[in-house]
Amino acid sequence: RTAHGLRRPPTMLSTLIRGFAGATDGRFYRVSPSFVDSALPPGASVIPRPTFAAWLRAGPLVLINTPNTIWALIAVCMFECVPYDLSRTGPAASAPLSAAFFAARLPLWLGVWLGYTLWWHATLHWFGFAERPFVAAREYRPGRVAHNLVWSVSGVVIWTGFENVFAYLWATGRLAYVDETAWSSRRGALHFCAALLLVPLWRDVHFFFAHRMLHFNALYAQVHSLHHRNTDVEPFSGLCMHPVEHLYYFACALPSLLLLTTPFALLWNGVHLLLSPGASHSGFEDHWQADAYHYFHHRYVSCNYAGTNAGFLDVWFGSFVDTLKPTDQKGCKPRPDAKATLTRPPSLEFAAYLALSAGCVLAWAVAASDVAAGAHAAAPRLAAHLAVLAGFGPVAAASAVTGITRSGGGAPRGGPLKTGLLVLAFF
(Lines give C-alpha, C1' and ligand atoms only; values in the text may rest on other atoms or scores of the structure.)
Protein backbone atom coordinates (compact mmCIF):
# COMPACT_ATOMS: atom_id res chain seq x y z
CA ARG A 1 0.00 0.00 0.00
CA THR A 2 1.01 3.65 -0.44
CA ALA A 3 1.63 6.05 2.44
CA HIS A 4 -2.03 7.12 2.14
CA GLY A 5 -3.29 3.55 2.58
CA LEU A 6 -4.21 3.03 -1.06
CA ARG A 7 -3.57 -0.36 -2.64
CA ARG A 8 -0.87 -0.25 -5.28
CA PRO A 9 -1.78 -1.69 -8.68
CA PRO A 10 -0.07 -5.05 -9.26
CA THR A 11 3.18 -4.93 -11.15
CA MET A 12 3.93 -7.20 -14.10
CA LEU A 13 6.42 -9.10 -11.94
CA SER A 14 3.91 -9.71 -9.13
CA THR A 15 1.31 -10.81 -11.67
CA LEU A 16 3.74 -13.33 -13.16
CA ILE A 17 4.69 -14.64 -9.72
CA ARG A 18 1.07 -15.06 -8.61
CA GLY A 19 0.29 -16.84 -11.87
CA PHE A 20 3.48 -18.91 -11.93
CA ALA A 21 3.00 -22.32 -13.59
CA GLY A 22 -0.72 -21.65 -13.96
CA ALA A 23 -1.50 -20.83 -10.34
CA THR A 24 -4.41 -18.52 -9.53
CA ASP A 25 -3.49 -15.75 -7.07
CA GLY A 26 -0.51 -17.84 -6.02
CA ARG A 27 -2.67 -20.83 -5.05
CA PHE A 28 -2.68 -24.31 -6.61
CA TYR A 29 -5.64 -26.07 -4.98
CA ARG A 30 -9.18 -25.05 -4.00
CA VAL A 31 -9.05 -22.18 -6.43
CA SER A 32 -10.89 -22.07 -9.73
CA PRO A 33 -9.99 -20.38 -13.04
CA SER A 34 -10.88 -16.70 -13.22
CA PHE A 35 -14.00 -17.22 -15.37
CA VAL A 36 -15.62 -19.56 -12.82
CA ASP A 37 -18.57 -18.27 -10.76
CA SER A 38 -18.28 -20.26 -7.53
CA ALA A 39 -21.98 -19.65 -6.82
CA LEU A 40 -22.83 -21.94 -9.74
CA PRO A 41 -22.40 -25.73 -9.81
CA PRO A 42 -19.06 -26.95 -11.20
CA GLY A 43 -19.02 -26.68 -14.98
CA ALA A 44 -21.99 -24.28 -15.16
CA SER A 45 -19.83 -21.17 -15.65
CA VAL A 46 -19.32 -19.93 -19.21
CA ILE A 47 -15.85 -20.39 -20.70
CA PRO A 48 -14.70 -17.21 -22.53
CA ARG A 49 -14.65 -17.61 -26.29
CA PRO A 50 -11.05 -18.45 -27.29
CA THR A 51 -9.41 -16.55 -30.13
CA PHE A 52 -6.37 -17.07 -32.33
CA ALA A 53 -5.03 -13.65 -31.30
CA ALA A 54 -5.17 -14.61 -27.62
CA TRP A 55 -3.31 -17.85 -28.37
CA LEU A 56 -0.54 -15.91 -30.15
CA ARG A 57 -0.30 -13.34 -27.35
CA ALA A 58 0.05 -16.11 -24.77
CA GLY A 59 2.78 -17.88 -26.77
CA PRO A 60 5.79 -16.03 -25.30
CA LEU A 61 4.53 -16.78 -21.76
CA VAL A 62 3.83 -20.46 -22.39
CA LEU A 63 6.69 -21.48 -20.07
CA ILE A 64 5.88 -19.01 -17.28
CA ASN A 65 2.18 -18.86 -16.44
CA THR A 66 1.03 -22.31 -17.52
CA PRO A 67 1.66 -25.86 -16.24
CA ASN A 68 4.28 -26.15 -19.01
CA THR A 69 6.66 -24.69 -16.40
CA ILE A 70 6.54 -27.87 -14.31
CA TRP A 71 6.68 -30.24 -17.29
CA ALA A 72 9.63 -28.35 -18.81
CA LEU A 73 11.57 -28.56 -15.54
CA ILE A 74 10.94 -32.31 -15.42
CA ALA A 75 12.13 -32.65 -19.03
CA VAL A 76 15.33 -30.68 -18.38
CA CYS A 77 16.09 -32.75 -15.27
CA MET A 78 15.56 -36.00 -17.19
CA PHE A 79 17.73 -34.83 -20.05
CA GLU A 80 20.56 -33.76 -17.76
CA CYS A 81 20.42 -36.57 -15.22
CA VAL A 82 19.62 -39.52 -17.52
CA PRO A 83 21.03 -38.50 -20.95
CA TYR A 84 20.69 -40.56 -24.09
CA ASP A 85 23.56 -42.90 -24.91
CA LEU A 86 23.95 -42.33 -28.64
CA SER A 87 27.36 -43.96 -28.98
CA ARG A 88 27.94 -46.63 -31.61
CA THR A 89 28.26 -49.25 -28.87
CA GLY A 90 25.25 -48.14 -26.82
CA PRO A 91 21.91 -49.98 -26.61
CA ALA A 92 20.23 -47.47 -28.92
CA ALA A 93 22.54 -48.40 -31.80
CA SER A 94 21.80 -52.11 -31.65
CA ALA A 95 18.23 -52.13 -33.01
CA PRO A 96 15.22 -49.84 -33.56
CA LEU A 97 13.42 -51.91 -30.91
CA SER A 98 16.08 -53.05 -28.46
CA ALA A 99 15.52 -54.99 -25.23
CA ALA A 100 18.55 -53.24 -23.72
CA PHE A 101 17.17 -49.82 -24.60
CA PHE A 102 13.77 -50.69 -23.13
CA ALA A 103 15.43 -52.01 -19.96
CA ALA A 104 17.15 -48.65 -19.50
CA ARG A 105 14.40 -46.22 -20.53
CA LEU A 106 11.05 -47.87 -19.81
CA PRO A 107 11.46 -47.85 -15.99
CA LEU A 108 12.40 -44.17 -16.21
CA TRP A 109 9.31 -43.22 -18.18
CA LEU A 110 7.04 -45.40 -16.07
CA GLY A 111 8.40 -43.83 -12.90
CA VAL A 112 8.00 -40.24 -14.09
CA TRP A 113 4.51 -40.81 -15.53
CA LEU A 114 3.23 -42.84 -12.58
CA GLY A 115 4.67 -40.49 -9.97
CA TYR A 116 3.16 -37.41 -11.58
CA THR A 117 -0.25 -38.90 -12.34
CA LEU A 118 -0.51 -40.66 -8.99
CA TRP A 119 0.13 -37.32 -7.29
CA TRP A 120 -2.90 -35.86 -9.02
CA HIS A 121 -5.05 -38.91 -8.38
CA ALA A 122 -4.11 -39.07 -4.69
CA THR A 123 -4.41 -35.36 -3.89
CA LEU A 124 -7.78 -35.00 -5.61
CA HIS A 125 -9.53 -38.35 -5.15
CA TRP A 126 -8.02 -39.59 -1.86
CA PHE A 127 -6.92 -36.57 0.17
CA GLY A 128 -9.56 -34.00 -0.85
CA PHE A 129 -7.28 -31.17 -1.95
CA ALA A 130 -10.12 -29.94 -4.21
CA GLU A 131 -13.79 -29.48 -3.39
CA ARG A 132 -15.64 -28.96 -6.67
CA PRO A 133 -15.96 -32.22 -8.65
CA PHE A 134 -17.91 -31.98 -11.89
CA VAL A 135 -19.95 -35.00 -10.72
CA ALA A 136 -20.73 -34.53 -7.03
CA ALA A 137 -22.32 -37.97 -6.54
CA ARG A 138 -19.51 -39.89 -8.24
CA GLU A 139 -18.66 -43.40 -7.12
CA TYR A 140 -14.97 -44.24 -6.73
CA ARG A 141 -14.40 -47.53 -8.58
CA PRO A 142 -11.00 -49.21 -8.13
CA GLY A 143 -11.82 -51.48 -11.08
CA ARG A 144 -12.13 -48.50 -13.38
CA VAL A 145 -8.82 -47.09 -12.14
CA ALA A 146 -7.17 -50.46 -12.80
CA HIS A 147 -8.61 -50.44 -16.34
CA ASN A 148 -7.20 -46.98 -16.93
CA LEU A 149 -3.81 -47.95 -15.51
CA VAL A 150 -3.42 -50.97 -17.79
CA TRP A 151 -4.17 -49.10 -21.00
CA SER A 152 -2.05 -46.14 -19.88
CA VAL A 153 0.96 -48.38 -19.22
CA SER A 154 0.62 -49.71 -22.77
CA GLY A 155 0.97 -46.11 -23.91
CA VAL A 156 4.19 -45.61 -21.95
CA VAL A 157 5.57 -48.78 -23.57
CA ILE A 158 4.62 -47.52 -27.04
CA TRP A 159 6.24 -44.13 -26.38
CA THR A 160 9.45 -45.90 -25.34
CA GLY A 161 9.30 -47.65 -28.71
CA PHE A 162 9.05 -44.28 -30.48
CA GLU A 163 12.02 -43.04 -28.47
CA ASN A 164 14.01 -46.20 -29.31
CA VAL A 165 13.46 -45.71 -33.05
CA PHE A 166 14.66 -42.10 -32.92
CA ALA A 167 17.66 -42.95 -30.75
CA TYR A 168 18.57 -45.76 -33.17
CA LEU A 169 18.43 -43.37 -36.13
CA TRP A 170 20.61 -40.84 -34.31
CA ALA A 171 23.13 -43.36 -32.98
CA THR A 172 23.62 -45.05 -36.37
CA GLY A 173 23.97 -41.78 -38.29
CA ARG A 174 20.77 -42.25 -40.27
CA LEU A 175 19.24 -39.05 -38.87
CA ALA A 176 21.21 -35.87 -38.19
CA TYR A 177 20.74 -34.02 -34.92
CA VAL A 178 22.18 -31.15 -32.93
CA ASP A 179 24.61 -32.62 -30.39
CA GLU A 180 23.34 -31.98 -26.87
CA THR A 181 26.90 -31.27 -25.72
CA ALA A 182 26.75 -28.07 -27.76
CA TRP A 183 24.50 -26.25 -25.29
CA SER A 184 27.28 -23.78 -24.59
CA SER A 185 27.33 -22.72 -28.24
CA ARG A 186 24.97 -20.16 -29.70
CA ARG A 187 23.51 -22.72 -32.10
CA GLY A 188 22.88 -25.27 -29.36
CA ALA A 189 21.29 -22.67 -27.10
CA LEU A 190 18.99 -21.50 -29.90
CA HIS A 191 17.84 -25.05 -30.65
CA PHE A 192 17.24 -25.71 -26.96
CA CYS A 193 15.22 -22.51 -26.43
CA ALA A 194 13.27 -23.04 -29.65
CA ALA A 195 12.31 -26.55 -28.54
CA LEU A 196 11.22 -25.33 -25.11
CA LEU A 197 8.96 -22.67 -26.59
CA LEU A 198 7.62 -24.35 -29.73
CA VAL A 199 6.84 -27.90 -28.53
CA PRO A 200 3.82 -26.80 -26.42
CA LEU A 201 2.46 -24.70 -29.31
CA TRP A 202 2.94 -27.53 -31.81
CA ARG A 203 1.25 -29.90 -29.36
CA ASP A 204 -1.81 -27.62 -29.32
CA VAL A 205 -2.23 -27.80 -33.09
CA HIS A 206 -1.35 -31.46 -33.56
CA PHE A 207 -3.69 -32.58 -30.78
CA PHE A 208 -6.70 -30.94 -32.38
CA PHE A 209 -6.24 -32.55 -35.79
CA ALA A 210 -5.21 -35.99 -34.48
CA HIS A 211 -8.08 -35.96 -31.98
CA ARG A 212 -10.64 -34.75 -34.49
CA MET A 213 -9.60 -37.49 -36.92
CA LEU A 214 -10.18 -40.10 -34.22
CA HIS A 215 -13.81 -39.00 -33.99
CA PHE A 216 -14.70 -40.10 -37.51
CA ASN A 217 -17.05 -43.06 -37.35
CA ALA A 218 -14.75 -46.03 -37.95
CA LEU A 219 -11.84 -44.78 -35.85
CA TYR A 220 -14.13 -43.71 -33.05
CA ALA A 221 -15.91 -47.07 -32.99
CA GLN A 222 -12.77 -49.20 -33.02
CA VAL A 223 -10.18 -46.96 -31.38
CA HIS A 224 -11.15 -43.75 -29.59
CA SER A 225 -14.24 -45.17 -27.90
CA LEU A 226 -11.89 -46.89 -25.41
CA HIS A 227 -10.74 -43.48 -24.16
CA HIS A 228 -14.38 -42.38 -23.94
CA ARG A 229 -15.32 -45.27 -21.67
CA ASN A 230 -14.59 -42.66 -18.99
CA THR A 231 -17.23 -39.92 -18.87
CA ASP A 232 -16.51 -38.99 -15.25
CA VAL A 233 -12.79 -38.66 -15.79
CA GLU A 234 -9.94 -39.14 -13.30
CA PRO A 235 -6.19 -38.55 -13.83
CA PHE A 236 -5.33 -42.08 -14.99
CA SER A 237 -7.99 -41.82 -17.69
CA GLY A 238 -5.90 -39.17 -19.46
CA LEU A 239 -3.47 -41.59 -21.11
CA CYS A 240 -5.95 -44.49 -21.17
CA MET A 241 -6.14 -45.07 -24.92
CA HIS A 242 -6.28 -47.85 -27.47
CA PRO A 243 -2.75 -48.71 -28.71
CA VAL A 244 -3.67 -47.43 -32.18
CA GLU A 245 -4.67 -44.11 -30.67
CA HIS A 246 -1.30 -43.96 -28.94
CA LEU A 247 0.35 -44.31 -32.36
CA TYR A 248 -1.40 -41.22 -33.73
CA TYR A 249 -1.15 -39.32 -30.45
CA PHE A 250 2.63 -39.86 -30.29
CA ALA A 251 2.96 -38.91 -33.97
CA CYS A 252 3.39 -35.43 -32.47
CA ALA A 253 7.10 -36.37 -32.50
CA LEU A 254 7.14 -35.75 -36.27
CA PRO A 255 9.24 -32.52 -36.14
CA SER A 256 12.19 -34.47 -34.73
CA LEU A 257 12.10 -36.60 -37.88
CA LEU A 258 11.74 -33.79 -40.41
CA LEU A 259 13.79 -31.01 -38.82
CA LEU A 260 17.35 -30.73 -37.56
CA THR A 261 16.72 -30.65 -33.80
CA THR A 262 18.32 -31.57 -30.52
CA PRO A 263 17.29 -34.88 -28.90
CA PHE A 264 15.95 -32.71 -26.10
CA ALA A 265 13.09 -31.70 -28.40
CA LEU A 266 11.96 -35.33 -28.59
CA LEU A 267 12.29 -35.89 -24.85
CA TRP A 268 10.43 -32.65 -24.06
CA ASN A 269 7.70 -33.70 -26.48
CA GLY A 270 7.46 -37.07 -24.71
CA VAL A 271 7.20 -35.51 -21.26
CA HIS A 272 4.44 -33.23 -22.51
CA LEU A 273 2.58 -36.10 -24.18
CA LEU A 274 2.72 -38.37 -21.13
CA LEU A 275 2.15 -35.89 -18.30
CA SER A 276 -0.23 -33.23 -19.60
CA PRO A 277 -3.33 -35.51 -19.86
CA GLY A 278 -3.30 -36.35 -16.13
CA ALA A 279 -4.55 -33.13 -14.59
CA SER A 280 -6.68 -32.18 -17.60
CA HIS A 281 -8.71 -35.34 -16.85
CA SER A 282 -8.87 -34.65 -13.12
CA GLY A 283 -12.67 -34.43 -12.82
CA PHE A 284 -12.42 -31.31 -10.61
CA GLU A 285 -12.91 -27.61 -11.31
CA ASP A 286 -10.90 -26.03 -8.51
CA HIS A 287 -7.18 -26.59 -8.92
CA TRP A 288 -4.35 -25.00 -10.90
CA GLN A 289 -4.67 -27.32 -13.92
CA ALA A 290 -8.46 -27.64 -13.96
CA ASP A 291 -9.88 -28.20 -17.44
CA ALA A 292 -13.64 -27.76 -17.77
CA TYR A 293 -13.09 -27.34 -21.50
CA HIS A 294 -11.99 -30.95 -21.96
CA TYR A 295 -14.47 -32.23 -19.38
CA PHE A 296 -17.27 -31.02 -21.66
CA HIS A 297 -15.75 -33.13 -24.43
CA HIS A 298 -15.97 -36.29 -22.31
CA ARG A 299 -19.48 -35.38 -21.21
CA TYR A 300 -20.87 -34.67 -24.69
CA VAL A 301 -18.30 -36.32 -27.03
CA SER A 302 -18.82 -34.24 -30.22
CA CYS A 303 -17.36 -30.92 -29.07
CA ASN A 304 -14.18 -29.25 -27.77
CA TYR A 305 -11.67 -31.41 -29.65
CA ALA A 306 -8.78 -29.00 -29.02
CA GLY A 307 -6.94 -28.51 -25.78
CA THR A 308 -7.92 -25.51 -23.70
CA ASN A 309 -5.10 -23.35 -25.10
CA ALA A 310 -6.07 -23.88 -28.77
CA GLY A 311 -9.83 -23.64 -28.39
CA PHE A 312 -9.95 -21.19 -31.28
CA LEU A 313 -9.72 -24.23 -33.58
CA ASP A 314 -13.04 -25.49 -32.21
CA VAL A 315 -14.51 -22.03 -32.79
CA TRP A 316 -13.32 -22.12 -36.41
CA PHE A 317 -14.70 -25.60 -37.06
CA GLY A 318 -18.00 -25.12 -35.23
CA SER A 319 -17.41 -27.53 -32.34
CA PHE A 320 -16.92 -25.09 -29.45
CA VAL A 321 -19.11 -25.58 -26.35
CA ASP A 322 -18.70 -23.08 -23.53
CA THR A 323 -20.81 -24.52 -20.70
CA LEU A 324 -22.89 -27.47 -19.57
CA LYS A 325 -26.14 -28.29 -21.34
CA PRO A 326 -29.35 -27.05 -19.64
CA THR A 327 -30.09 -30.56 -18.34
CA ASP A 328 -26.75 -30.55 -16.45
CA GLN A 329 -26.78 -26.95 -15.21
CA LYS A 330 -27.94 -27.97 -11.72
CA GLY A 331 -25.18 -30.56 -11.46
CA CYS A 332 -23.92 -33.44 -13.58
CA LYS A 333 -25.41 -36.80 -12.74
CA PRO A 334 -23.07 -39.83 -12.61
CA ARG A 335 -22.94 -42.28 -15.49
CA PRO A 336 -22.12 -45.97 -15.10
CA ASP A 337 -19.02 -46.12 -17.37
CA ALA A 338 -19.65 -49.87 -17.33
CA LYS A 339 -17.15 -50.67 -20.09
CA ALA A 340 -14.26 -49.17 -18.11
CA THR A 341 -13.40 -52.48 -16.46
CA LEU A 342 -11.03 -55.41 -16.87
CA THR A 343 -13.52 -57.99 -15.62
CA ARG A 344 -15.61 -58.13 -18.78
CA PRO A 345 -14.10 -60.11 -21.68
CA PRO A 346 -13.47 -58.06 -24.85
CA SER A 347 -15.93 -58.41 -27.69
CA LEU A 348 -15.00 -60.35 -30.81
CA GLU A 349 -15.07 -57.07 -32.72
CA PHE A 350 -12.58 -55.46 -30.32
CA ALA A 351 -10.24 -58.47 -30.39
CA ALA A 352 -10.38 -58.77 -34.19
CA TYR A 353 -9.52 -55.12 -34.73
CA LEU A 354 -6.73 -55.20 -32.14
CA ALA A 355 -5.18 -58.21 -33.89
CA LEU A 356 -5.48 -56.66 -37.36
CA SER A 357 -3.99 -53.32 -36.34
CA ALA A 358 -1.20 -55.02 -34.38
CA GLY A 359 -0.35 -57.07 -37.47
CA CYS A 360 0.02 -53.89 -39.53
CA VAL A 361 2.59 -52.45 -37.13
CA LEU A 362 4.38 -55.70 -36.30
CA ALA A 363 5.07 -56.37 -39.99
CA TRP A 364 7.12 -53.15 -40.08
CA ALA A 365 8.75 -53.81 -36.69
CA VAL A 366 9.95 -57.29 -37.65
CA ALA A 367 11.34 -56.14 -40.99
CA ALA A 368 13.10 -53.14 -39.42
CA SER A 369 14.68 -55.33 -36.76
CA ASP A 370 15.87 -57.84 -39.38
CA VAL A 371 17.51 -55.10 -41.43
CA ALA A 372 19.20 -53.69 -38.32
CA ALA A 373 20.51 -57.14 -37.44
CA GLY A 374 21.90 -57.61 -40.96
CA ALA A 375 19.57 -60.49 -41.77
CA HIS A 376 18.85 -58.92 -45.16
CA ALA A 377 19.49 -55.66 -46.98
CA ALA A 378 17.01 -52.83 -46.88
CA ALA A 379 14.73 -52.67 -49.91
CA PRO A 380 13.45 -49.10 -50.34
CA ARG A 381 10.22 -50.12 -52.05
CA LEU A 382 9.42 -52.76 -49.44
CA ALA A 383 10.27 -50.29 -46.68
CA ALA A 384 7.84 -47.77 -48.17
CA HIS A 385 5.09 -50.38 -48.42
CA LEU A 386 5.61 -51.47 -44.81
CA ALA A 387 5.60 -47.85 -43.64
CA VAL A 388 2.27 -47.25 -45.41
CA LEU A 389 0.91 -50.44 -43.86
CA ALA A 390 1.96 -49.36 -40.36
CA GLY A 391 0.70 -45.80 -40.79
CA PHE A 392 -2.54 -46.31 -42.70
CA GLY A 393 -3.28 -50.00 -42.14
CA PRO A 394 -5.04 -49.44 -38.78
CA VAL A 395 -7.33 -46.87 -40.44
CA ALA A 396 -8.22 -49.26 -43.26
CA ALA A 397 -8.74 -52.09 -40.77
CA ALA A 398 -11.04 -49.88 -38.67
CA SER A 399 -13.12 -49.06 -41.74
CA ALA A 400 -13.34 -52.74 -42.70
CA VAL A 401 -14.32 -53.98 -39.24
CA THR A 402 -16.81 -51.17 -38.75
CA GLY A 403 -18.36 -51.82 -42.15
CA ILE A 404 -18.78 -55.51 -41.34
CA THR A 405 -20.18 -54.98 -37.85
CA ARG A 406 -22.08 -51.77 -38.74
CA SER A 407 -20.88 -50.07 -35.58
CA GLY A 408 -20.06 -46.37 -35.51
CA GLY A 409 -20.62 -43.09 -33.79
CA GLY A 410 -18.64 -40.09 -32.65
CA ALA A 411 -18.52 -38.30 -36.02
CA PRO A 412 -17.68 -34.62 -35.58
CA ARG A 413 -19.89 -31.72 -36.45
CA GLY A 414 -19.39 -30.04 -39.79
CA GLY A 415 -20.21 -30.61 -43.45
CA PRO A 416 -18.22 -32.56 -46.04
CA LEU A 417 -15.99 -29.59 -46.88
CA LYS A 418 -14.82 -29.20 -43.29
CA THR A 419 -14.41 -32.95 -42.95
CA GLY A 420 -12.26 -33.10 -46.08
CA LEU A 421 -10.11 -30.20 -44.92
CA LEU A 422 -9.55 -31.86 -41.56
CA VAL A 423 -8.45 -35.18 -43.07
CA LEU A 424 -6.19 -33.41 -45.58
CA ALA A 425 -4.64 -31.21 -42.90
CA PHE A 426 -3.89 -34.13 -40.61
CA PHE A 427 -2.33 -36.44 -43.21
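Remember, it's a predicted structure, so these values are computed and weren't measured experimentally.

**Quick word on helix 14 (residues 380-405)**
The end-to-end C-alpha separation of helix 14 is 36 Å, in line with the 38 Å expected for 26 residues at 1.5 Å each. Its axis deflected by about 50° at F392, helix 14 carries its strongest bend there, up to four residues before the proline P394. Regarding helix 14, the residues found buried are L386, A390, G393, P394, A397, A398, V401 and T402. Against helix 7 (217-222), helix 8 (243-249) and helix 13 (348-372) lie the buried residues of helix 14. R406, located one to two residues past helix 14, shows a positive phi value of around 60°.

**Observations regarding the nonpolar core**
Ranked by internal contacts, the top residues of the largest apolar core, which has 58 residues, are W109, W159, F264, L267, W268 and V271. Among the elements of the structure, helix 3 (68-81), helix 4 (99-126), helix 5 (142-171), helix 6 (186-213) and helix 10 (263-280) are those that each provide at least two residues to this core. Ranked by residues supplied to this core, first place goes to helix 5 with eleven residues. One finds W55, F134, C303 and F320 within the second-largest nonpolar core, a separate group that totals 26 residues.

**Some remarks on helix 6**
With 28 residues, helix 6 should reach 40 Å at 1.5 Å per residue; the first-to-last C-alpha distance of 39 Å fits that figure. If you look at helix 6, its biggest bend is around 35°, right at L198, and the proline P200 turns up within four residues after that.

**Regarding a nonpolar patch on the surface**
Residues L114, L118, W119, W126, F127, F129 and Y140 make up a contiguous nonpolar surface patch of about 710 Å² in total accessible area. One can find Y140 in the loop between helix 4 and helix 5.

**Quick notes on the side chain of S357**
Take S357: it is sitting in helix 13. Polar side-chain contacts of S357 include one of 3.1 Å to the backbone oxygen of L354. S357 has contacts with H242, V244 and P394, leaving out every residue within four places of it along the chain.

What counts, and at which threshold
- Residues numbered from 1 in each chain as written.
- Predicted model: local features only at pLDDT ≥ 70, side-chain atom pairs only at ≥ 80, totals over all residues.
- Heavy atoms only, no water.
- Helix = DSSP H or I, 4+ residues; strand = E, 2+ residues; numbered from the N terminus.
- Expected span 1.5 Å × (residues − 1).
- Bend = angle between axes of the 7 residues up to and from the residue.
- Buried < 20%, exposed > 50% of the residue type's maximum accessible area, 1.4 Å probe, protein only.
- Contact = heavy atoms within 4.5 Å.
- Core = buried A, V, L, I, M, F, W, Y, C linked by side-chain atoms within 4.5 Å.
- Patch = residues over 30% accessible without salt bridge, like charges linked within 9 Å, V, L, I, M, F, W, Y side chains within 5 Å.
- Areas by Shrake-Rupley, 256 points an atom, 1.4 Å probe, with all protein chains shown as cover.
- Salt bridge = Lys/Arg side-chain N within 4 Å of Asp/Glu carboxyl O.
- Polar contact = N/O pair within 3.5 Å; in protein donor to acceptor, adjacent residues only side chain to side chain.

None of this, on its own, says anything about what the molecule does.
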